[in-house]
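Report on the structure
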Amino acid sequence: MAKIKELIKDGIWNKNPVLVQAIGLCPTLAVTTSLKNGFYMGVASTFVLVGSNVIISIIKSFIPAKVRIPVYITVIASFVTLVQLFVSAYLPELNKTLGIFIPLIVVNCIILGRAEAFASKNGVFDSLIDGVSMGIGFTLALMIMAGIREFLGANKLFDLLVIPGFEPAAAMILPVGGFLTMGVLIAIMNYINMKKR
Amino acid sequence: MDLGTLLQITIAAIFINNFVLSRFLGLCPYFGVSKQVDSAIGMGLSVIFVMTIAATVTWPIYYFVLKPLGIDFLQTIVFILVIASLVQLVEMVIQKVSPSLYESLGIYLPLITTNCAILGVTVLNISESYNFIESVVNAFASGVGFTLVLILMSGIRVKLEDTPLPEYMKGLPLAFFVGAVMALAFMGFSGFKI
């Protein structure tokens, strides 16, 4: 039980993939123009992460060490293809807005990173928990980013108007805003962690 | 073959839709390998090289194998495997043919497999339905655009290294702010009409 708590804490705070480890940056900056996009991207990546973590921890003993990376990539790519087919069938609009970032979940370093660093060394259940908590950590980071950017850039949250009469700064939705928000968030995270020590 | 279209694709890929600053692809090397100018140049050249080859190989695979067989939904799996093996192959060839080049590029090549810019350019070529020549040109120009901003970024970071800053601002946060200013500057190109 203690280990599960530890894993969850690691995924969401201590080793948060985006804010602490600074990996998986491309989708974090690209799709966080609105909370809705950020949320769906987080859910899609979490699904792939959990699926690949579980499968890899099951088959880890059959994989020769030399070809493990291609095997991991194949497993991950299969899950991504599932997501791709599902999204294009049921959420065609989302497919358009997320665009090439759905197939690009394959090269999200978080997923391959967890496969290599965790799932290949731990049991099925632990890997499942690790996948879920890392996924939640990723989704939360995406949503914080997206919330800030959508509010400041469009005065909206989940496509709903927040403060009538507030003039949004459209630059926050543009790439500039993405870099700026991310820089501020990482600086805050660094500051908090340094204060603690 | 229309030279005008090719020029248009080139300019758009380098400046207007710059891979890093407007499409958000290849951010990991953009922040990770931009601490020194030398390594930025090495990384940039390897990316140009692998990107061009990846586009050259994946285009025929999609249009002559996946499409006719009706299995184009396997695109993602096939492309990433092709890129992964390609990187390995390129690494072996360079090691054999030019050990000195391998010395300078060698360490960057394995990193490139998980560089989303490579998979990104091959997927974009298909989704924009470019023909073969256009795909190769687009891949090459995207690589050049990536290299350009990577080298600019590393130059700026070297200069900023000794700035007195609070400890929590050093490293990544500062790099992100520099990135923001660069993105702002590159937004100027989006006014281009060609």
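As shown above, the structure is provided for reference.
Summary of the structure given here. (Residues numbered from 1 in each chain as written. Chains lettered and ligands numbered in written order. Predicted model: local features only at pLDDT ≥ 70, side-chain atom pairs only at ≥ 80, totals over all residues. Heavy atoms only, no water.)

1. A word on the overall build of chain B
Check the secondary structure of chain B and you find nine helices and zero strands. By its C-alpha atoms, chain B is 60 × 45 × 30 Å across when sized along the principal axes. Every one of the 194 residues in chain B was classed for burial, and the buried ones make up 48%. Contacts in chain B between residues at least 24 apart in sequence constitute 78% of all its contacts with a sequence separation of at least 6. (Helix = DSSP H or I, 4+ residues; strand = E, 2+ residues; numbered from the N terminus. Buried < 20%, exposed > 50% of the residue type's maximum accessible area, 1.4 Å probe, protein only. Contact = heavy atoms within 4.5 Å.)

2. Examining the overall build of chain A
Of regular secondary structure, chain A possesses eight helices and two strands. Counting helices and strands in the order they occur from the N terminus, chain A gives α-α-α-α-α-α-α-β-β-α. Over its C-alpha atoms chain A spans a radius of gyration of 18 Å, differing by no more than 12% from the 16 Å that the globule rule assigns to 197 residues. Its C-alpha atoms give chain A principal-axis dimensions of about 60 × 50 × 30 Å. Counting across all 197 residues of chain A, residues that qualify as buried make up 51%. (Rg over C-alpha atoms; globule rule 2.2 N^0.38 Å.)

3. Topic: the interface of chain B and chain A
Opposite the 36 residues of chain B that make contact, chain A presents 35 residues. Summing both partners gives a buried area of about 3100 Å² for chain B against chain A, and 88% of it is carried by carbon and sulfur. Joining chain B to chain A, the criterion identifies zero salt bridges. Looking at the side of chain B that touches chain A, the elements with two or more residues in it are α2 (27-32), α4 (75-97), α7 (116-127) and α9 (172-187) of chain B. (Buried area = accessible area lost by both parts, 1.4 Å probe. Salt bridge = Lys/Arg side-chain N within 4 Å of Asp/Glu carboxyl O.)

4. A few points about empty space enclosed by the protein
Leftover empty space is mapped by rolling, across the atoms, a probe with the size of a water molecule. In the structure shown here, the tally under the stated rule is three cavities of 30 Å³ or more. Space inside the largest cavity adds up to approximately 90 Å³. Taken together, 14 residues make up the lining of the largest cavity; nearest its centre are C26(A), P27(A), V107(A), N108(A) and C116(B). If you tally residues by element for the lining of the largest cavity, the top one is helix α2 (residues 25-30) of chain A, at three residues. Classifying every residue of the lining of the largest cavity gives eleven nonpolar, three polar and no charged. Around the second largest cavity sit I73(A), I76(A), V106(A), V107(A), N108(A), C109(A), L112(A), I80(B), T113(B) and T114(B), which together line it. Of all the secondary-structure elements, those providing two or more residues to the lining of the second largest cavity are α4 (68-90) and α6 (109-119) of chain A. Per-class residue counts for the lining of the second largest cavity are seven nonpolar, three polar and no charged. (1 Å grid on protein atoms, 1.4 Å probe; cavity = no way out; pocket = protein on both sides within 12 Å on 5 of 7 lines; lining within 4 Å. Points joined across faces, edges and corners; volume = space filled by probe spheres on them. Nonpolar A, V, L, I, M, F, W, Y, C, P; charged D, E, K, R; others polar.)

5. Topic: helix α7 (residues 124-154) of chain A
In a regular helix each residue adds 1.5 Å, so 31 residues correspond to 45 Å; α7(A) covers 43 Å between its end C-alpha atoms and thus fits that length. Within two residues after α7(A), N155(A) carries a phi angle of roughly 55°, on the positive side. (Expected span 1.5 Å × (residues − 1).)

6. Brief notes about the packing of aromatic side chains
Summed over all chains, the structure comprises 18 aromatic pairs over all chains. Centre to centre, the rings of F179(A) and F176(B) are 6.4 Å apart; their planes meet at 45°, and the pair counts as tilted. Here F179(A), found in helix α8 (residues 175-196), pairs with F176(B), found in helix α9, and the two come from separate chains. Residues F179(A) and F176(B) agree in their burial class; the two are buried. Through pairs of rings, three or more aromatic residues link up here, namely W59(B), Y62(B), Y63(B), F64(B), F79(B) and F132(B). (Phe/Tyr/Trp six-rings, centres within 6.5 Å; stacked < 30°, edge-to-face > 60°.)

7. Examining the nonpolar core
Residues F101(A), F179(A), L27(B) and Y30(B) are the most contacted members of the largest nonpolar core, which totals 97 residues. The element that contributes the greatest number of residues to this core is helix α3 (residues 37-69) of chain B, accounting for ten residues. Leaving out residues up to four positions away in the same chain, F179(A) has contacts with L29(A), V20(B), L21(B), F24(B), L27(B), Y30(B), F31(B), F176(B), G179(B), A180(B) and A183(B). (Core = buried A, V, L, I, M, F, W, Y, C linked by side-chain atoms within 4.5 Å.)

8. Structural notes on the layout of surface pockets
The calculated volume of the largest pocket comes to roughly 710 Å³. Lining the largest pocket are 31 residues; nearest its centre among them are L112(A), P110(B), L111(B), T113(B) and T114(B). Breaking the lining of the largest pocket down by element, the ones donating at least two residues are α4 and α6 of chain A together with α2, α4 and α6 (109-112) of chain B. Ranked by the residues each element gives to the lining of the largest pocket, the list is headed by α4(B), at six residues. Along the lines of polarity and charge, the residues of the lining of the largest pocket split into 20 nonpolar, seven polar and four charged. Computed from the structure, the second largest pocket encloses a volume of approximately 380 Å³. Lining the second largest pocket are 18 residues; nearest its centre among them are Q84(A), N95(A), P103(A), Q75(B) and V123(B). At the level of secondary structure, the elements contributing two or more residues to the lining of the second largest pocket comprise α4 and α5 (92-98) of chain A together with α4 and α7 of chain B. Of all the elements, α7(B) adds the most residues to the lining of the second largest pocket, at four residues. Of the residues assigned to the lining of the second largest pocket, the class counts are nine nonpolar, seven polar and two charged.

9. Some words on a nonpolar patch on the surface
Residue and element names in this part refer to chain A. Residues W13, V184, I188, Y191 and I192 make up a contiguous nonpolar surface patch of roughly 400 Å² in combined accessible area. For the nonpolar patch, the element with the highest residue contribution is α8, accounting for four residues. Inspection of the secondary structure assignment puts I188 in helix α8. (Patch = residues over 30% accessible without salt bridge, like charges linked within 9 Å, V, L, I, M, F, W, Y side chains within 5 Å. Areas by Shrake-Rupley, 256 points an atom, 1.4 Å probe, with all protein chains shown as cover.)

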